[in-house]
Amino acid sequence: MIDSHFIKNTKLEGLNVSRETLNELEKYSSSLISRNKEINLISASTERSINTRHIKDSAQTIDFINKKDIKTCTDLGSGAGLPGIVLAILMKHKNPLFKVIFYEKSFHKSNFIKEMSKKFKLNTEVHQKNIFEEKNLNTDVGGVGKTTTVINLAAGLSMRGKKILVIDLDPQGNATTGLGLSNTENSDQTIYSVLNGNKKISQIVQTTKFDNLDLITSNVHLSGLEVETVGDSRRAFILKDELGSYLNDSGASYNYIFIDCPPSLSLLTIMALVASDALVVPLQTEFFALEGLTQLMKTIERIKNNLNPELSIRGILLTMYDKRNKLSGEVEREARNYFKDKVYQTVVPRNVRLSEAPSHGVPVLIYDKSCLGSKSYFNFTDEFLNQDKPVESAAW
Ligand SMILES: Nc1ncnc2c1ncn2[C@@H]1O[C@H](COP(=O)(O)OP(=O)(O)O)[C@@H](O)[C@H]1O
Ligand SMILES: [Mg+2]
């Protein structure tokens, strides 16, 4: 039950929050007060004014976050979680990817933050340390072989007679140029024109010089989409909806549609995950990428729970394998041990031909079909196709 005084006292009426959210805020506030009796979380004066001032003060920052469309906040010297926990509760249903990172040196306080995160299923990361002790603050996942994999899997399948559509959803437009089309700024025949409502997919889909392989291009304008669609509450579904009506109306019959995602977790990535039914995750074997992968798994769970229950992981592809590097072997062992048969048997080696091909605008499978990189992507194509073969029945 929500104490009606809570809404009044905290003056949250103006913020347009759901009862469920208010309920969670109240539970957080009462946990804070009751736990403060056992462990020293907040000062006596904070305790007195927690419902009348502190919750509201914390909630005020949400305006700024919405306006700037911020996806990650770091709460430094977090104490008992004001404002970070309040923010995470408020943002939970607005944006499932919104994340708060806490740095709190005290054992009791950081534990309390972890406990609250668990209790309210918040997307948080809690570090029991001072921010100045942190050396590695970078969270991007670029350069792992996503685009290379999209291009060459698409090429491999099209050579096997499958009809393929590639959607470039990265403002850098590397899949576009890697498949021989242009990503110059002046084109409006791109995915951006569809996502901003100016065009329909049927007007922008292009053929490539490769049989059975169509492409929806991208260019740098796509990076503006996130800010431009801030007010649209269904924006995560735009790609899914547009793609759905294109496939319905045009009668286009693709065997597979691949969406090449941008490097960081952004609105574009959410759009891709919402529109997809399966995910192929390239995992670079040259450094400890497993932690990033665990993070990605959590994100996928959140998308599944909130936006797309159909989403599944089709497989994990080990990339940039270097057999002279001990770490490659270790990452492979750990990945297979942990993710079992979700990891494809094929391993893509580090191979210079793979990095040369894009500047020629062709997949490596065409640029140099017998190099090691091509062999691995041909194998991967077969493994990928086999996943869709009906399992033979053992019964006669
Ligand atoms: N197995 C590989 N061996 C060597 N270079 C590779 C390999 N896979 C990708 N590259 C190169 O590494 C860079 C990053 O790869 P890319 O596929 O663009 O990654 P992402 O799309 O994840 O950012 C590109 O220059 C690409 O040509
Ligand atoms: Mg890329």
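Residues numbered from 1 in each chain as written. Chains lettered and ligands numbered in written order. Predicted model: local features only at pLDDT ≥ 70, side-chain atom pairs only at ≥ 80, totals over all residues. Heavy atoms only, no water.

Enquirer: I'd like a description of the environment of Tyr 28, backed by residues and values.
Expert: By the element assignment, Tyr 28 lies in helix H2 (residues 19–38). A C-alpha to C-alpha distance of 15 Å links Tyr 28 and Arg 48, two positions 20 residues apart in sequence. Aside from chain neighbours lying at most four places away, what touches Tyr 28 is Ile 55, Ala 80, Gly 81, Leu 82, Ile 85, Val 86, Ile 89, Phe 112, Met 116 and Phe 120. (Helix = DSSP H or I, 4+ residues; strand = E, 2+ residues; numbered from the N terminus. Contact = heavy atoms within 4.5 Å.)

Enquirer: For unusual backbone geometry, give the residues involved together with the corresponding values.
Expert: Along the chain, Leu 82 connects to Pro 83 via a cis peptide bond; the corresponding omega equals 10°. Secondary-structure assignment places Pro 83 in the loop between strand S1 (72–76) and helix H5 (84–91). Phi angles above zero are rare outside glycine, and Lys 121 is one such case at about 50°. Summarising the element assignment, Lys 121 is placed in the loop between helix H6 (107–119) and strand S3 (124–127). Of note, the phi angle at Lys 340 is positive, near 50°, even though the residue is not glycine.

Enquirer: Hey, could you go over the site of ligand 1 for me, with residue numbers and the actual values?
Expert: Around ligand 1 lies a shell of 15 residues, among which Gly 143, Lys 146, Thr 147, Thr 148 and Pro 349 are the nearest. Between an oxygen atom of ligand 1 and a main-chain N or O atom of Gly 145, the distance comes to 3.1 Å. The contact in question runs from a nitrogen atom of ligand 1 to an N or O atom on the backbone of Pro 349, over 2.9 Å. When the free accessible area of ligand 1 is taken as 560 Å², the share hidden by the protein chains comes to 80%. When residues of the shell around ligand 1 are traced back to their parent elements, those giving at least two are helix H7 (146–159), strand S10 (343–349) and helix H16 (352–356). The element that contributes the greatest number of residues to the shell around ligand 1 is H7, accounting for three residues. Here the shell around ligand 1 is composed, by residue class, of six nonpolar, seven polar and two charged. (Near = heavy atom within 4 Å. Polar contact = N/O pair within 3.5 Å; in protein donor to acceptor, adjacent residues only side chain to side chain. Areas by Shrake-Rupley, 256 points an atom, 1.4 Å probe, with all protein chains shown as cover. Nonpolar A, V, L, I, M, F, W, Y, C, P; charged D, E, K, R; others polar.)

Enquirer: So what's going on with the nonpolar core? Residues and values would help.
Expert: Residues Tyr 28, Leu 32, Ile 85, Val 86, Ile 89 and Phe 112 are the most contacted members of the largest nonpolar core, which totals 31 residues. Mapped by element, the contributors of at least two residues to this core are H2, helix H4 (50–68), H5, strand S2 (99–103) and H6. With seven residues, the single largest contributor to this core is H5. Non-local contacts of Phe 112, meaning those with residues more than four positions away in its chain, are made with Tyr 28, Ser 31, Leu 32, Arg 35, Leu 41 and Ala 80. Listed in part, the 28 residues of the second largest apolar core include Ala 154, Leu 215, Cys 371 and Phe 380. (Core = buried A, V, L, I, M, F, W, Y, C linked by side-chain atoms within 4.5 Å. Buried < 20%, exposed > 50% of the residue type's maximum accessible area, 1.4 Å probe, protein only.)

Enquirer: Tell me about the side chain of Asn 152, and name the residues and values.
Expert: On the secondary structure map, Asn 152 appears in helix H7. A polar side-chain atom of Asn 152 sits 2.9 Å from the main-chain carbonyl oxygen of Thr 148. With residues up to four places along the chain from it excluded, the contact list for Asn 152 reads Leu 354, Pro 363, Val 364, Leu 365, Tyr 377 and Thr 381.

Enquirer: Outline the sheet that holds strand S7 (residues 256–260), listing residues and values.
Expert: Strand order in the open sheet made by the four strands is S5-S6-S4-S7, with mixed pairing throughout. On the outer flanks of this sheet lie strand S5 (206–207) and S7, each paired with one strand and no other. Note that strand S4 (residues 164–168) and strand S6 (residues 213–216) share four bridges and pair parallel. Residue Leu 165 lies in a different strand from S6, and its bridge partner there is Asp 214. (Pairing = 2+ DSSP bridges.)

Enquirer: Please give an account of the domain arrangement of the protein that cites residues and values.
Expert: By domain assignment, the protein separates into domain 1 (4–127) and domain 2 (146–386). Here the C-alpha centre of domain 2 lies 37 Å away from the C-alpha centre of domain 1. The partner domain 2 presents 11 residues to the 12 residues of domain 1 that form the contact. Interface of domain 1 and domain 2: buried area, both sides summed, is about 970 Å²; carbon and sulfur atoms make up 54% of it. Our count for the domain 1 to domain 2 interface comes out at zero salt bridges. Across the contact surface, domain 1 and domain 2 share one residue pair in polar contact (both at pLDDT 80 or more). For the side of domain 1 that touches domain 2, a count of residues per class yields three nonpolar, three polar and six charged. (Domains from an automatic or database assignment. Buried area = accessible area lost by both parts, 1.4 Å probe. Salt bridge = Lys/Arg side-chain N within 4 Å of Asp/Glu carboxyl O.)

Enquirer: Residues and numbers for the side chain of Ser 110, please.
Expert: Within the fold, Ser 110 resides in helix H6. Beyond its immediate sequence surroundings of up to four residues, Ser 110 is in contact with Glu 104, Val 126 and Gln 128.

Enquirer: Account for the pairing of S2, naming residues and giving values.
Expert: With respect to burial, S2 is a largely interior element, five of its five residues being buried. What you see with S2 is no split at all: Lys 99, Ile 101 and Tyr 103 on one side and Val 100 and Phe 102 on the other are buried throughout. In this structure, S1 lies alongside S2, joined through five bridges in parallel fashion. Residue pairing in the sheet places Asp 75 in a bridge with Phe 102 of S2. Chirality of the crossover, the property in question, places the unit of S1, H5 and S2 among those that are right-handed. The pairing of S2 with S3 spans four bridges and is classified as parallel. Counterpart to Val 100 in the pairing with S3 is Thr 124. (Right-handed = clockwise from strand over helix to strand, strands pointing away.)

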